[in-house]
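Architecture and fold: a report
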Amino acid sequence: MFTLAEVASLNDIQPTYRILKPWWDVFMDYLAVVMLMVAIFAGTMQLTKDQVVCLPVLQSTVNSKAQPSTSGKADFTTVETTTGQGEEASMRTVSFGSAPTVTPDIPLSRATSSQYQPTESGQELKKEQKDSSGRKTNLDFQQYVFINQMCYHLALPWYSKYFPYLVLIHTIILIVSSNFWFKYPKTCSKIEHFVSILGKCFESPWTTKALSETACEDSEENKQRLTGAQSLPKYVSTSSDEGSPSASTPMITKSGFKFSADKPMIEVPSVTILDKKDGEQAKALFEKVRKFRAHVEDSDLIYKLYVGQTVIKTVKFIFILCYTANFVNTISFEHICNPKVEHLIGYTQFECTHNMAYMLKKLLISYISLICVYGFICLYTLFWLFRIPLKEYSFEKVREESSFSDIPDVKNDFAFLLHMVDQYDQLYSKRFGVFLSEVSENKLREISLNHEWTFEKLRQHVSRNAQDKQELHLFMLSGVPDAVFDLTDLEVLKLELIPEAKIPAKISQMTNLQELHLCHCPAKVEQTAFSFLRDHLRCLHVKFTDVAEIPAWVYLLKTLRELYLIGNLNSENNKMIGLDSLRELRHLKILHVKSNLTKIPPNITDVAPHLTKLVIHNDGTKLVVLNSLKKMTNVAELELQNCELERIPHAIFSLSNLQELDLKSNSIRTIEEIISFQHLKRLTCLKLWHNKIVSIPSSITHIKNLESLYLSNNKLESLPAAVFSLQKLRCLDVSYNSIALIPGEIGLLPNLQHFYITGNKVNVLPKQLFQCVKLRTLCLGQNCITSIPDKVSQLLQLTHLELKGNCLDRLPATLGQCQLLRKNGLLVEDHLFDALPPEVKEVLNQDTSIPFANGI
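As the structure is a prediction and not an experimental result, all values here were calculated from the model.

**Considerations on the sheet that holds strand β3 (residues 350-354)**
- Taken together, three strands build an open sheet; the order of strands is β1-β3-β2 and the sheet is antiparallel. Both edges of this open sheet fall to β1 (52-56) and β2 (334-337), since each of them pairs with a single strand only. Neighbour-to-neighbour, the strand axes of the sheet open up by a mean angle of 25 degrees, direction not taken into account.
- Sheet topology note: the β1/β3 ladder contains five bridges and is antiparallel. Bridging across to β3, V52 finds its partner in H354.

**Focus on helix α19 (residues 527-536)**
- Along α19, the positions that sit buried rather than exposed are A529, F530, S531, F532, L533 and R534.
- In this structure, the buried side of α19 is in contact with β9 (502-503) and β11 (524-525).

**Some thoughts on the side chain of S735**
- The residue S735 is located in the loop between β20 (731-733) and β21 (754-756) in this model.
- The residues touching S735, leaving out its near neighbours within four places in the chain, are S712, N713, Y756, I757, T758 and N760.

**Side note on the pairing of strand β12 (residues 539-543)**
- Where burial is concerned, most of β12 is hidden: four out of the five residues are buried.
- Pairing between strand β10 (residues 515-519) and β12: five bridges, direction parallel. Note that in β12 the partner of L516 across the bridge is L540.
- When β12 meets strand β13 (residues 562-566), the two strands line up parallel, connected through five bridges. Within β13, the residue paired with V542 across the bridge is L565.

**Points about the pattern of salt bridges**
- In the structure shown here, the tally under the stated rule is 19 salt bridges.
- A salt bridge links D29 to K21, with the nearest nitrogen and oxygen atoms 2.8 Å apart. One exposure class covers both D29 and K21, and it is buried.
- K304 is the salt-bridge partner of D300, the closest N and O atoms lying 3.6 Å from each other.
- Using a relative accessible area of 14% as the deciding quantity, one classes D300 as buried.

**What to know about the confidence of the model for the chain**
- Residues of the chain with pLDDT of at least 70 account for 79%, and the chain-wide mean is 79.
- Taken element by element, the predicted model of the chain shows its lowest mean pLDDT in helix α4 (residues 108-113) (37) and its highest in β21 (97).
- Segment residues 218-243: pLDDT under 50, and 20 contacts once partners within four positions in sequence are set aside and those in other chains are kept.
- For the stretch residues 849-856, pLDDT sits under 50, and the model shows 20 contacts to residues farther than four places along the chain or on other chains.

**Structural notes on the nonpolar core**
- In terms of nonpolar packing, the biggest core is built from 133 residues, with F677 and F755 touching the most fellow members.
- Sorting elements by how many residues they give to this core places α19 first, with four residues.
- Dropping the residues within four chain positions of it, F755 is found in contact with L732, V734, I742, I746, L769, L775, T777, L778 and C779.

**Re the packing of helix α8 (residues 185-203) against helix α15 (residues 412-424)**
- The interhelical angle for the contact between α8 and α15, taken along N-to-C directions, is 55 degrees, at an axis separation of 12 Å. The orientation of α8 with respect to α15, classified from their angle, is oblique. Considering how the two elements wind past one another, α8 and α15 form a crossing that is right-handed. Mapping the contact onto sequence places K190, I191, F194 and L198 in α8 and D413, F414, L417, L418 and V421 in α15.
- Counted by class, the contact of α8 with α15 contains seven nonpolar, no polar and two charged residues.

**Some details on the environment of L688**
- Tracing the backbone through its elements, the reader meets L688 in the loop between β18 (685-687) and β19 (708-710).
- Distance in space between the C-alpha atoms of L688 and S712 is 7.7 Å, their sequence separation being 24 residues.
- Apart from residues no more than four positions distant in its own chain, L688 is found in contact with L663, I671, I693, Y710, L711 and N714.

**Here we look at the pairing of β13**
- The pairing of β13 with strand β14 (residues 590-595) spans five bridges and is parallel. Counterpart to E562 in the pairing with β14 is I590.

**Things to note about the UniProt feature "transmembrane region" (unreviewed entry) in the chain**
- The sites that UniProt annotates as "transmembrane region" (unreviewed entry) are residues 27-47, 162-182 and 364-386.
- Summarising residues 27-47: 100% helix, 0% strand, and an end-to-end C-alpha distance of 30 Å.
- Its end C-alpha atoms 33 Å apart, residues 364-386 is made of 100% helix and 0% strand.

**Thoughts on the environment of E392**
- For E392, the position within the fold is in strand β4 (residues 392-393).
- For E392 and A415, which are 23 residues apart along the polypeptide, the C-alpha to C-alpha distance reads 5.2 Å.

**Structural notes on the state of the cysteines**
- Inspection of every chain in the model, using the stated rule, returns two disulfides.
- Residue C54 pairs covalently with C352 via a disulfide, S to S 2.0 Å. In this structure the cystine formed by C54 and C352 twists about its S-S bond by roughly 110 degrees; its chirality is therefore right-handed. Of this pair, C54 sits in strand β1 while C352 is found in strand β3, placing the two residues 298 residues apart along the sequence.
- Classification of C54 as buried rests on a relative accessible area of 1%.
- Residue pairing for C151: its cysteine sulfur links by disulfide to C337, the two sulfurs lying 2.2 Å apart. Taking the sign of the torsion about the S-S bond as the criterion, the disulfide between C151 and C337, at about -90 degrees, is left-handed. Of this pair, C151 sits in helix α6 (residues 141-154) while C337 sits in strand β2, placing them 186 residues apart in sequence.

Procedures and definitions
Residues numbered from 1 in each chain as written. Predicted model: local features only at pLDDT ≥ 70, side-chain atom pairs only at ≥ 80, totals over all residues. Heavy atoms only, no water. Pairing = 2+ DSSP bridges. Helix = DSSP H or I, 4+ residues; strand = E, 2+ residues; numbered from the N terminus. Axes fitted to C-alpha atoms, helices over the stretch in contact; angles between N-to-C directions. Buried < 20%, exposed > 50% of the residue type's maximum accessible area, 1.4 Å probe, protein only. Contact = heavy atoms within 4.5 Å. Salt bridge = Lys/Arg side-chain N within 4 Å of Asp/Glu carboxyl O. pLDDT = per-residue confidence, 0-100. Core = buried A, V, L, I, M, F, W, Y, C linked by side-chain atoms within 4.5 Å. Parallel < 35°, antiparallel > 145°, perpendicular 65-115°, else oblique. Left-handed = near helix turned anticlockwise from the far one by under 90°. Nonpolar A, V, L, I, M, F, W, Y, C, P; charged D, E, K, R; others polar. UniProt positions renumbered as here; feature names shortened; annotations may be inferred. Disulfide = S-S within 2.5 Å.

Quick look at the structure:
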């Protein structure tokens, strides 16, 4: 037999789960334990003391009641049997008249055989005969034991025999039903995870700090209400509303930690300083809560399971109550038994008594009372489950009491678990809500970030860029450290992969800041910060994946001079909505777009009258529609790179102010339209490199003012004489083609300063080449040149000479006469340089303060 402790273990749950046990579940658990005690007590009593005592119903006795005995002597028989294990059975039979006298210690057989023995005391016998009466049954002990067992099973109601077991089974079912949602695998893991996170959130130092700051803010706001009418703080922004963003512009608007131009900023006193370990734990908790919410809010299995087990308990209560009430009256002390064993006993009817009847009846009434209480609690639970929508949970009260007004409402199993926790202690939900707030998470990140990135550490990361400007590059941080805005001499600020970047009013201290980079960083700005950027920012780089990442305030920077947009602008979803506001950028001069455009956005024409430089870098997408280019009459520099152009667009010939044209990395095969460039009187630089051009038309001679011509990485096999009629040409680049001969007409370019013919098939250098005495850069590498003429000494301004990759066996000693040429400007194999005369090497190794010129 099992013990109470073993059965009660079914009702055990983890101690941490107690926060999910409302008062009715706890009460029902205690009722279940009491019902277990009733079952085990009844079972113990039944196993040890339950018995039935039966006596035969004598027919003669029945008749004697109707007709009195003529002799005036009544016969009565009394039989006692005990069915207990190991106990000695004894019977007493007392008879008058002809009936024998059986002493208590003499068995029935001996008493019968001794009826003919004389009595020792006749007076005692007579006295006993007067006081006692009975009837002889002629049954021995074994027959009484047999009939008692027969009648125990036949005469007793089944409920009297199995009551303890039924109570035990019903109670176990109720216990299992109450705690099944804690044991079921698909819900147990979620509950365990929830309780673990809830406990950590409750004990986290960040929760205490956040709620404490809320209390401090409330007290400060109360003070501000009392004193606000008297004076305003000095740091209230009083800037004019001109040029301020509209109501739809995404500025920083939080109900918690507010920084606006219309409301005085409140200095919140420092309550607690989190150490690094506590900060990291709090960050991990935010991430766990976020993932747990996403996982649990998708289903309502826990809610359905709890409702299901409550319904099962209610149905079980009704079932137990209905059938148990009918058996209360069937439990009685006396029973009539008809075992149909007359051939063995000689009697057909017996009258029996059940010694446990009164105890069982009392236990049954007690059990019914417990079940009724249990059932009423189940009904109350169902009422609570369906009275309010438990699959929705609102933090409205928490939002009103704290500064975290962004705590979201939750649903499904997440909401149900929070409702259950509220029945235990509502403080748990309040503390848990802190970790659902983005404002709280951002505040934690801000504290941790400022603790890690101090002014000294940021100063160490400041460097000089290629333009000799002080630059700070911040990469993959949780935010922008406050100390950044103390770097007042900073000129360039790069923010990359900082999704929660916020630019506060302190940026107004950075008076030297002129260039800002936002790489996948949709930064938000405060009102005062926006006013500063609007008046001081000159150059802005925005790199994005989707056009929605471009901050709306970008299009309101009226003094912006340069705008660089790098990202997807040709999505069907955005339909160029990000560029609708370019018309506000009235001072924009340079627009650089690196995207996948199929046509030049018509929005760009809004700023066309102001633009002086337009750069479009495609990712290989074919640029088809270019008619809007005609409106950009003031554009001086135009770059259309990697746009899969097959010909020079005709719209370009309308740009009368165009000075530089770059059509790099397209699919241009012919440039017959080049004659139309004669109308572009100001065109000085033409870049047609990295295309598929096979020949240069003679009409190129009409571009009289051309100073730079780039035709590298094409499929040219020769250079026409027309090229050398461009008297103003200063730079000619025909590298990486298939040119085998440099025409002698090259000597007709007196102003040529840079000549690049690397990676061709040239084997002889014409002497006329050295008539270009203004040459500063001469690149002849990776050809088939076998010798360098001594006339190279005529190039007195030469600073860069590339000869590596040819078939040279020596270098001319006259290289020493090139006064500006030094070793670092001479690219040649080491053995050729070592073969030069010592005095030449000495000249080439001399230091010079003249800056090195390496092309334009």
